[in-house]
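Next come the chains, spelled out residue by residue.
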Amino acid sequence: MKQLKKCITLCLACTLLALPVSAQKSYDMVYSAEGGTARVVSNLKWGLIDTDMQTIMSPKWDYLGDSVCGRRLLRSGTLFGFADEQGREVIAPTFAQALNFSQDLAAVKNSDGKWGYINTEGQLVIPYSFDEANLFSDGLALVKTDGLYGYINTEGSFAIAPTYQEAYSFSEGLACVRVGDAYGYISASGDVTIAPQFELAFDFCEGAAVIKKGGYGLIDSAGETLIAPVWERLSPSVAGGLLQAEKGGRLCLIDTLGNPLTECTFTDLGTFTDGLCPAATEEGYGYLDKSYTFAISPSWDYAGDFSGGFAPVEANGNWGYIDTDGNIATEESYLSCAVLSEGFGVVCLQDGSWSLLRPHKFVSAYADGLTQNQLILRIGRNTMTTPNGETSLGAAPILLNGQTLLPIRAVAEAIGGTVDWDGKERKITIGCDGHKVILRIGESAAFVDGRISILQTPPLIENGSTLIPLRFTMEALSCTVDWSADTREILITY
């Protein structure tokens, strides 16, 4: 497992062709694709490209936002305006500050520090009269005037008078407000539906809200308790009917009735996407399936959410993507990777620039199957394919000086051989079918059936694993070794 991480450091990839990226098609920063476009930054200026890395709008703005309601928030100098989806100015940058559109209205601030709202054509439809303003949600926007919060409708009239010292936007027809030192919820008509009684309260999501009352618990929209407040912490919202819960400093997954689905043994948890959930133990990050067991073993320093069948992972500072089988799906390592959007991932190249990448599902060069005397290994994967299924190698093969190195015990035993280790002499002895191979850590001289041979790459120890040259050892044991450069697979016939 530790060696897998080292392998990624030396060569994160192993399998597939990725979208070619050239130095001419990289930027100081690239953001996730949306609607077939991605925002880019070059020399502190923002522009747009398509997913083929072709320029839509050359970097020219001091800021360019996501497309919302067909408009992108932009900044030129210190002033804000709006562009269309292609990055072309449609509302001149004349505002001291602005928020994204929601329900075809955007909050904007004038030079006097007052907020109002414009429509998508740039016309002021709600006058500048608020000290603070927020996005519209459920037909209402949270605003502040004279030190108090209230809610206006899309006509600009107060639907709920400004009477609260602390309040939040509506979600699923309810808004969290604070009265005195306690939090509760109001409806869109301003009626108190759940009396203020909580130390903390969060937005409703999937018909439930996380609250704190001594410990953390969960309530429904009628204020009835779904989960008693006994947890040290809960994730702020329900996701797919699940919550992350903390007890004793460790995390677990529970359902909305409080039933534990896993033990509280995790140091970090994500959310289920593509049927898999990132989860971390002391050994590293892996992925749980819907049976709440590890489908992809915890062997990474970090693992992100899946999207479109791929997820970003990191080991020893090197990043790449894996598919839902845990196979590496990029042929290079990167300084950083983001969760895929519309099939594309944002990656930071080794020179520090950013680009887009489309990972691909691995297809074995030996997809037609194996005979009873064949094995398949792959650079970067810590399992070996045999005619009877997968077998753990203990660590993944690596490439070093053009040679494949790996812990040999699993391979030797699969072909009917034995492996002995002499720690005092740092000597490995492999025997099979009357052949004997002797190697020593750090030494280029090896002995095959009593005759000396010179190794191109001597055995070494990395992260506690003893690695020896695969081809030399297998051929010394009368096996044949074939290499697929396209998929970085090794086929051993014995």
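Right, let's walk through the structure included here. As the structure is a prediction and not an experimental result, all values here were calculated from the model. (Residues numbered from 1 in each chain as written. Predicted model: local features only at pLDDT ≥ 70, side-chain atom pairs only at ≥ 80, totals over all residues. Heavy atoms only, no water.)

1. With respect to a nonpolar patch on the surface
So, point 1. On the surface, Phe 447, Ile 452 and Ile 454 cluster together into a nonpolar patch covering about 310 Å² of accessible area.
So, point 2. The residue Ile 452 is located in strand β47 (residues 451-454) in this model.
So, point 3. Note on Ile 452: relative accessible area 55%, which makes it exposed. (Patch = residues over 30% accessible without salt bridge, like charges linked within 9 Å, V, L, I, M, F, W, Y side chains within 5 Å. Areas by Shrake-Rupley, 256 points an atom, 1.4 Å probe, with all protein chains shown as cover. Salt bridge = Lys/Arg side-chain N within 4 Å of Asp/Glu carboxyl O. Helix = DSSP H or I, 4+ residues; strand = E, 2+ residues; numbered from the N terminus. Buried < 20%, exposed > 50% of the residue type's maximum accessible area, 1.4 Å probe, protein only.)

2. Comments concerning the sheet that holds strand β3 (residues 45-50)
So, point 1. Read from one edge of the open sheet, four strands run β1-β2-β3-β4, paired in antiparallel fashion. The two strands at the open ends of the sheet, each matched to only one other strand, are β1 (29-30) and β4 (55-61).
So, point 2. Bridge count between β1 and strand β2 (residues 37-42): two bridges; the pairing is antiparallel. Note that in β2 the partner of Val 30 across the bridge is Val 40. (Pairing = 2+ DSSP bridges.)

3. What to know about the pairing of strand β10 (residues 105-109)
So, point 1. Counting buried positions along β10 yields four of five residues, so the element is predominantly enclosed.
So, point 2. In this structure, strand β9 (residues 97-102) lies alongside β10, joined through four bridges in antiparallel fashion. In the sheet register, Ala 98 faces β10, and the bridge partner there is Val 108.
So, point 3. What sits between the antiparallel neighbours β9 and β10 is a turn of two residues, in which Gln 103 has the positive phi angle 50°.
So, point 4. The pairing of β10 with strand β11 (residues 115-119) spans five bridges and is classified as antiparallel.

Distances and angles like these do not, on their own, reveal function.
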